[in-house]
Amino acid sequence: MYKIVLPIFEGPLDLLLYFIKRDEINIYDIPIARITDEFLNYLNMLQELDIEIASEFLVMASTLMEIKAKMLLPSEKQPEGTEIDDPRRELVQQLLEYQIYKEVSNYLEANLRQTHNLFFRGIYESEIAEISSNYKTYKPATVYDLAKSFYNLITKNQKDGFHEIRMTEYKLEDAISNILQVLQFERQISFRKLCATTSRQILVLYFVAILELIKQKKLYAYQSDYEEDIFLFLTSNLPRN
Amino acid sequence: MQKVFFNLDRETQKQILETLIFASEQPITLDEIADIIENKLEFSDFPTSNFSIAETIHLGEYLLGLIEEINHDLESSNRPYQIINVANGFTFATKNEFGKILGSLPQFRHKKRFSKAMLETLAIIAYKQPITRPEIEEIRGTNSSDILNVLLERNLIKIVGRKETIGRPFMYATTIEFLKTFGLNNLNELPNLDEIRALVETKNKKEELTLKIDFGEEQQQSSIQ
Amino acid sequence: MQKVFFNLDRETQKQILETLIFASEQPITLDEIADIIENKLEFSDFPTSNFSIAETIHLGEYLLGLIEEINHDLESSNRPYQIINVANGFTFATKNEFGKILGSLPQFRHKKRFSKAMLETLAIIAYKQPITRPEIEEIRGTNSSDILNVLLERNLIKIVGRKETIGRPFMYATTIEFLKTFGLNNLNELPNLDEIRALVETKNKKEELTLKIDFGEEQQQSSIQ
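Now for a look at the structure at hand. (Residues numbered from 1 in each chain as written. Chains lettered and ligands numbered in written order. Predicted model: local features only at pLDDT ≥ 70, side-chain atom pairs only at ≥ 80, totals over all residues. Heavy atoms only, no water.)

**So, unusual backbone geometry**
Trans peptide bonds make up the majority, and among non-glycine residues the majority have a negative phi. Here B:Gln129 and B:Pro130 are connected by a cis peptide whose omega angle stands at -5°. Positioned with a positive phi, A:Glu24 is a non-glycine residue whose angle comes to about 50°. By secondary structure assignment, the location of A:Glu24 is in the loop between helix H1 (12-22) and helix H2 (32-48). A positive phi angle, near 40°, is found at C:Arg168, a position not held by glycine. Looking at the element boundaries, C:Arg168 is found in the loop between strand E4 (157-162) and strand E5 (170-174). (Helix = DSSP H or I, 4+ residues; strand = E, 2+ residues; numbered from the N terminus.)

As structure tokens, this is what we get:
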């Protein structure tokens with residue numbers, strides 16, 4: 001068994017730079033025929049190994065062949081004073097530009113060596129309250145997270161094929177336990193706040209739940225005036241007198 | 001390896017423990033700390049002590065003792081924070097009297113962290129606004145009233161009217177605070193479905209991607225060392 | 001209000017400063033600290049000192065002095081972290097020998113891993129921001145959506161809007177996390193592009209004459225054999 005290790009090239013430009021470096025080619029005067037052969041040989045090798053070739057490599061192959069063809073054409077007589085347009089120019093510009101950012105990435109890599117042992121605080125104050133409230137939190141969310149979340153929901157539903165329209169499955173028991181739960185943490189609840197954002201259906205449920213709890217003497221409701229908000233307390237929390 | 005940790009001098013043990021708690025992105029549990037100490041760490045760089053500890057000692061209790069000691073050190077050196085126990089794990093938090101200062105500053109209240117449910121609900125409202133609760137629940141397939149309350153409290157959504165259907169449910173829409181939180185100028189800047197697909201779909205190729213990246217990293221690592 | 005801060009005893013001043021730095025999710029700048037101290041805070045709960053400071057003192061310098069003192073206290077009380085200056089601000093970070101421990105643990109190490117492709121793409125975005133995907137791909141000569149996805153996931157880049165051209169593509173920019181990760185105060189600390197260009201040119205010219213001894217090439221060669 002042979003183990004073949006192929007170097008990873010980040011794209012056709014990366015591959016060309018590799019050839020240029022390996023063969024000590026003058027980047028300002030690339031022997032286009034030779035490098036085109038190298039490039040095509042590489043693609044053939046990939047093909048023989050049954051490795052899928054990304055389309056940008058094929059595009060580059062055709063660009064190289066086009067340049068090669070132009071170079072072979074007998075150069076026409078140029079009028080005096082005008083420069084011959086080198087068919088390689090655009091490619092060389094692209095390679096030089098790419099080289100610049102490769103150089104910068106060396107610089108970034110050197111910086112990483114400096115910050116290698118630098119770790120920051122893992123959790124900040126704004127997160128602690130949420131962790132203790134049992135929400136599993138993300139790191140600070142971005143538009144990207146938001147979009148991803150929506151996409152996943154939509155595609156999940158599409159996979160289901162169809163979806164039934166469901167009625168709210170909120171029951172009286174839920175309303176009762178919800179109220180009692182809140183009162184574990186709060187001394188009192190405002191009825192208005194409790195109902196501020198829920199639908200009419202659920203508002204009715206809450207109202208029935210409150211009546212039920214008052215009947216069971218678990219809850220004490222207080223309203224200072226006819227049109228005022230109703231405040232709810234646990235009877236067990238009331239001062240005895 | 002545990003014995004090796006025990007052989008470190010106590011001050012170093014505390015520093016390692018404090019480092020783990022400081023940098024961990026979730027409150028770190030005693031079990032996680034024990035696992036790291038017993039199985040994952042090399043301590044050859046650190047000074048050891050001759051003081052030997054009875055082998056029978058319980059690691060969890062021992063770690064708790066160290067944490068207590070760290071908190072004591074933090075207190076006596078006037079640090080304004082301490083290690084607290086939350087959601088079964090340990091993390092740093094500012095002490096109450098200083099935490100109060102933070103509470104009065106908006107930059108420390110600006111929250112960008114969301115539970116999965118919150119982010120889902122917010123995403124639906126952002127893309128489908130104005131939308132009612134039953135409609136949201138239909139997409140999410142689950143009750144969402146608590147989540148809506150949290151989002152209202154955080155001022156990320158608002159009620160913009162009622163829908164004229166049965167029950168006249170409230171309609172929700174996102175707020176300016178929402179735009180600010182996500183750094184958007186307006187809602188048109190939200191990615192559209194095709195764009196999200198392009199962004200997200202690379203996920204499906206994840207395996208391929210990891211392979212590729214791992215290779216690159218291998219290279220990178222060898223060049224760093 | 002500044003005078004009120006100055007009237008607090010020095011230990012309390014330091015604790016307040018340390019709280020702000022410790023709790024801030026992004027490195028906090030001297031200007032932000034000064035603004036909070038001068039305009040935002042009430043200090044009535046805290047002990048004051050009779051020691052009076054010359055009014056002419058420069059607040060920024062004064063704060064820097066306090067930060068230095070805090071770092072000294074952290075050092076002498078054996079804390080494994082310190083306050084560092086990064087992304088134009090101040091933040092807590094692990095000290096070298098303890099960060100090394102974290103680096104040996106997989107759950108922390110992944111943050112420090114970068115492939116060649118990631119570094120290249122970051123380099124392009126850092127200089128050309130805001131920049132779209134097609135523009136990045138033109139420079140790299142290859143599809144970059146996977147890489148952008150990874151960089152977004154790691155919070156090293158962010159979407160900052162759309163470009164008003166055909167298809168209205170997203171524009172990407174680097175984040176504060178990027179500065180923190182690469183130990184930069186700001187983007188101006190990156191090498192000047194003209195200098196890099198000159199460097200690349202010299203290298204290209206030299207390559208014509210001398211034998212290659214470049215490290216990266218060795219590696220690629222050995223991996224092809």
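Text resumes after the structure shown.
**A short note on the side chain of C:Gln13**
Within the fold, C:Gln13 resides in helix H2 (residues 10-23). Discounting residues that sit within four places of it in the chain, C:Gln13 has contacts with C:Phe5, C:Phe6, C:Asn7, C:Leu8, C:Tyr62 and C:Leu66. (Contact = heavy atoms within 4.5 Å.)

**Here we look at the interface of chain A and chain C**
A common way to express how large an interface is: the accessible area buried when the components associate. Each partner contributes residues to the interface: chain A has 48 residues there, and chain C has 68 residues. A buried area of about 5400 Å², summed over both sides, lies between chain A and chain C, and 59% of it is on carbon and sulfur atoms. Linking chain A with chain C are five salt bridges. A salt bridge links A:Glu10 to C:Arg140; its shortest N-O distance comes to 3.4 Å. Across the chain A-chain C interface, the total number found is 19 residue pairs in polar contact (both at pLDDT 80 or more). Elements supplying a minimum of two residues to the side of chain A that touches chain C: H1, helix H4 (89-114), helix H5 (125-132) and helix H6 (143-159) of chain A. Looking at the side of chain A that touches chain C element by element, the count peaks at 16 residues for H4(A). (Buried area = accessible area lost by both parts, 1.4 Å probe. Salt bridge = Lys/Arg side-chain N within 4 Å of Asp/Glu carboxyl O. Polar contact = N/O pair within 3.5 Å; in protein donor to acceptor, adjacent residues only side chain to side chain.)

**Considerations on the sheet that holds strand E3 (residues 230-234) of chain A**
Residue and element names in this part refer to chain A. The antiparallel open sheet is built from three strands, whose spatial order is E1-E3-E2. The open sheet is flanked by strand E1 (188-190) and strand E2 (219-223), the only strands paired with a single partner. Adjacent strand axes in the sheet meet at a mean angle of 25°, parallel and antiparallel pairs treated alike. The sheet contact formed by E2 and E3 spans five bridges and is antiparallel. For Ala221, the partnering residue across the bridge sits in E3 and is Leu232. (Pairing = 2+ DSSP bridges. Axes fitted to C-alpha atoms, helices over the stretch in contact; angles between N-to-C directions.)

**Looking at the packing of aromatic side chains**
Taken as a whole and judged by the stated rule, the model has 23 aromatic pairs over all chains. Ring centres 5.1 Å apart and planes at 50° place the aromatic pair A:Phe9 and A:Tyr18 in the tilted group. In this structure, A:Phe9 and A:Tyr18 share a single accessibility class: buried. Ring geometry for C:Phe114 against C:Phe182: centres 5.4 Å apart, planes inclined by 55°, an arrangement best described as tilted. With C:Phe114 in the loop between helix H6 (106-109) and helix H7 (116-128) and C:Phe182 in the loop between helix H10 (176-181) and helix H11 (193-209), the pair connects residues that are 68 residues apart, well separated along the chain. Each member of the aromatic cluster is reached from another via a ring pair, and the members are B:Phe22, B:Tyr81, B:Phe92, C:Phe22, C:Tyr81 and C:Phe92. (Phe/Tyr/Trp six-rings, centres within 6.5 Å; stacked < 30°, edge-to-face > 60°. Buried < 20%, exposed > 50% of the residue type's maximum accessible area, 1.4 Å probe, protein only.)

**Quick notes on the environment of A:Leu91**
Residues and elements named next belong to chain A. Its location among the elements puts Leu91 in helix H4. With 78 residues separating them along the chain, Leu91 and Leu13 place their C-alpha atoms 9.1 Å apart. Excluding anything up to four places from it in sequence, Leu91 contacts Leu13, Leu16, Met60, Leu64 and Ile67.

**A few points about the sheet that holds strand E5 (residues 170-174) of chain B**
Residue and element names in this part refer to chain B. Read from one edge of the open sheet, three strands run E3-E5-E4, paired in antiparallel fashion. Of all the strands in the sheet, the pair left with one neighbour each is strand E3 (131-132) and strand E4 (157-162). One ladder, built from two bridges, connects E3 with E5; its direction is antiparallel. Counterpart to Ile131 in the pairing with E5 is Tyr172. Where helix H7 (residues 116-128) meets the sheet, it contacts E3, E4 and E5, and its direction lies at approximately 90° from that of E5.

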